[in-house]
Amino acid sequence: MSYIKVTIKDIIDDINSRKMYLPAIQRKYVWSDLQIVRLMDSIMRGYPIGTFLLWKVKKKIVNEKEYSMYEFIKDYHERDLFNNPPAPQPFTYNSDDEYIWSLLDGQQRLTSIYISLQGSIRRKLPNKRWKNDDAFPQKELYFNLHSNYTEDDDISYEFDFLTEAEAESNKDGKLWYRVKDILKYKQEELITSLILPKGLATDTLATSNISLLHRRFVTEEIINYFEVEADSIDNVLDIFVRVNSGGTVLSKSDLLFSTIVSHWDKARDEIDKLLSEINKKGEGFKFTNDFIMRTCLYLLDMSVTLKVETFKKESVILIKNNWNKIKTSIKETVDLLVDFGFSSDNIMSYVAISPIVYYHYHGGKFDKTSKSELRKYYITAQLRQIFGAASNSALTLIRTELKKHTNSSFALSDLYSIRFTGDRTLKYTSEDIDSLFDTYEIGAYTFMILSLLYPNLKFGQKGFHQDHMHPHTSFETEKISNLNLPDGTVISSDTISEWQRRRNTLANLQLLEGRENEEKNKTPLEEWLKKPENKGVKYLPKDISYSLSNFEEFMEKRQEIMSSELKKILIPNDQ
């Protein structure tokens, strides 16, 4: 069968009239705005945009075999609507021969075209909180009618996602036109219904561009697709994998996920629902399909290597049959991470979470003692980078040891005998702990260490910030260049540089509730400590000056106190 050519408008009409859907084996929509803009520029230039592969299948077959189908995303929302909505099934039909098309290849391109010509995009603005609705303004695709085509430009035809207010600003001589509106007009209507009413008759460049826009998206047959007819999802999966594995468009885990869906039709719905729920917990996480798939294998004592042969039908059915218990264990583990103060901002390894889920899945309790030990395990595993290149090996070694201690409280010391790749262990020595104070500057790792030192804070109820005891701004060169040190000398440039580095290290950091940290802000430590409410500061050296000039002694004494406490926490009594 030869390729079929249609216009972009024809394809859009097919989607809107519910003739075209996405099969469950397809992955999520992942394209960026820049990728969309490049696609639009290619269309305007008349470049080929690749072929599409469609599965033509009877509605009767879809209903009988309960194949899940999904609609195209129309109004994409980075937080609230990033998964394709399920199609209204079962499909109604008047004849046994009625069919639908299901898109096997070209999802990212066609979804981008559909969003651009029918819907909108909401992506989070920088420096805005994820939970703030205003952080996601609605934007539609606009085309600058004053774009000047030149062969030398990487992108010649200027497209951009804009709010209505941004489009109306007309800055720098740009004339923005909402792209979806071009579909309203027939060729003979362009002049009378669009160009003249908008006062563009004398604007040669704008008239030329709007005519080209109409040709490319409405009248020219630039969509090429090949049609496959098959009743079996297994045959379709084989075609899907063959088509996609030839390039780098789909990741390995995407193809593996397709294998799971071929044996468990509702897997996509279930996993998407679980991911949506756990990623919204606390301050937000970034769990993926990859994490869920690997953890399922891990919990059921299967190989954790993500390859096609691992997900044979019997393995997928085993996951399906144990799904309720699996998802409960994962959700309750994520709740524990929230209690520990973790979110996407301070997690360095998601793989390290799977052993906690395994412990809980196999009867381990989250009692007070176990929580303390699990916190130590998770932090130590990340600090010591146990899950690096050989993450599968590390997972397997830990699972083997955990099997010996099921139905008992979790104890990190039970894992001390394991030797990981590079001769790493989960055990800390006194020297290791001392080195932490000059290894890490403020970030995810320092948060982890501080959370061990502040175990009683209600991380799950309040947001805690890493606060500089001596404020960060106090070390600015112009403020500190004439500082007199305790020995009467003026601080040297080398000392200033060293202090500017050390201000961000552990001994100058504490955890403060967000509101308190904002109130403290640039207040010198010496003044801040005079306030009655700050008398109970932890790990504060006694009988020394808290002025900035005494920074050296302050850091030395505070490190001694903090290091001593960490050794009590991380080094067993019998070591």
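So, how was this worked out
- Residues numbered from 1 in each chain as written.
- Predicted model: local features only at pLDDT ≥ 70, side-chain atom pairs only at ≥ 80, totals over all residues.
- Heavy atoms only, no water.
- Core = buried A, V, L, I, M, F, W, Y, C linked by side-chain atoms within 4.5 Å.
- Buried < 20%, exposed > 50% of the residue type's maximum accessible area, 1.4 Å probe, protein only.
- Helix = DSSP H or I, 4+ residues; strand = E, 2+ residues; numbered from the N terminus.
- Contact = heavy atoms within 4.5 Å.
- Pairing = 2+ DSSP bridges.
- Axes fitted to C-alpha atoms, helices over the stretch in contact; angles between N-to-C directions.
- Parallel < 35°, antiparallel > 145°, perpendicular 65-115°, else oblique.
- Nonpolar A, V, L, I, M, F, W, Y, C, P; charged D, E, K, R; others polar.

A look at the nonpolar core
Item 1. Ranked by internal contacts, the top residues of the largest apolar core, which has 177 residues, are Met 69, Phe 159, Phe 217, Phe 287, Ile 292, Ile 319 and Tyr 377.
Item 2. Top contributing element to this core by residue count: helix H18 (residues 444-453), with eight residues.
Item 3. Every residue in contact with Met 69, bar those within four places of it in the chain, is listed here: Tyr 21, Leu 22, Pro 23, Trp 55, Val 57, Val 62, Pro 86, Ala 87, Gln 89, Phe 91, Ile 100 and Ser 102.

Some details on the sheet that holds strand E8 (residues 140-144)
Paired through their backbone hydrogen bonds, the strands of a sheet run either parallel or antiparallel.
Item 1. Pairing within the open sheet is antiparallel, and its three strands lie in the order E9-E8-E10. Strand pairing shows two members of the sheet lacking a second neighbour, strand E9 (159-162) and strand E10 (176-178), which therefore form its edges. The sheet shows a mean angle of 40° between the axes of neighbouring strands, taken without regard to direction.
Item 2. Pairing between E8 and E9: four bridges, direction antiparallel. The residue bridging Glu 140 from the neighbouring strand is Leu 162, located in E9.
Item 3. Lying on the sheet, helix H7 (residues 204-219) is in contact with E8, E9 and E10; it crosses E8 at an angle near 135°.

Considering the packing of H18 against helix H23 (residues 551-570)
Item 1. Put simply, H18 and H23 touch, their axes get as near as 10 Å, and they point 80° apart. As far as their axial angle goes, H23 and H18 are roughly perpendicular. In this structure, H18 uses Ile 449, Leu 450, Leu 452 and Leu 453 to contact H23, whose residues at the interface are Met 562, Glu 565, Leu 566, Ile 569 and Leu 570.
Item 2. Grouping the amino acids of the contact of H18 with H23 by side-chain chemistry returns eight nonpolar, no polar and one charged.

As for the sheet that holds strand E6 (residues 99-105)
Item 1. In spatial order, the strands read E1-E11-E3-E6-E2-E4; together these six strands make up an open sheet with mixed pairing. Edge positions in the open sheet fall to strand E1 (4-6) and strand E4 (69-70), since each of these has one partner strand only.
Item 2. Pairing between E1 and strand E11 (residues 223-229): three bridges, direction antiparallel. Opposite Lys 5, over in E11, you have Asn 224 as the bridge partner.

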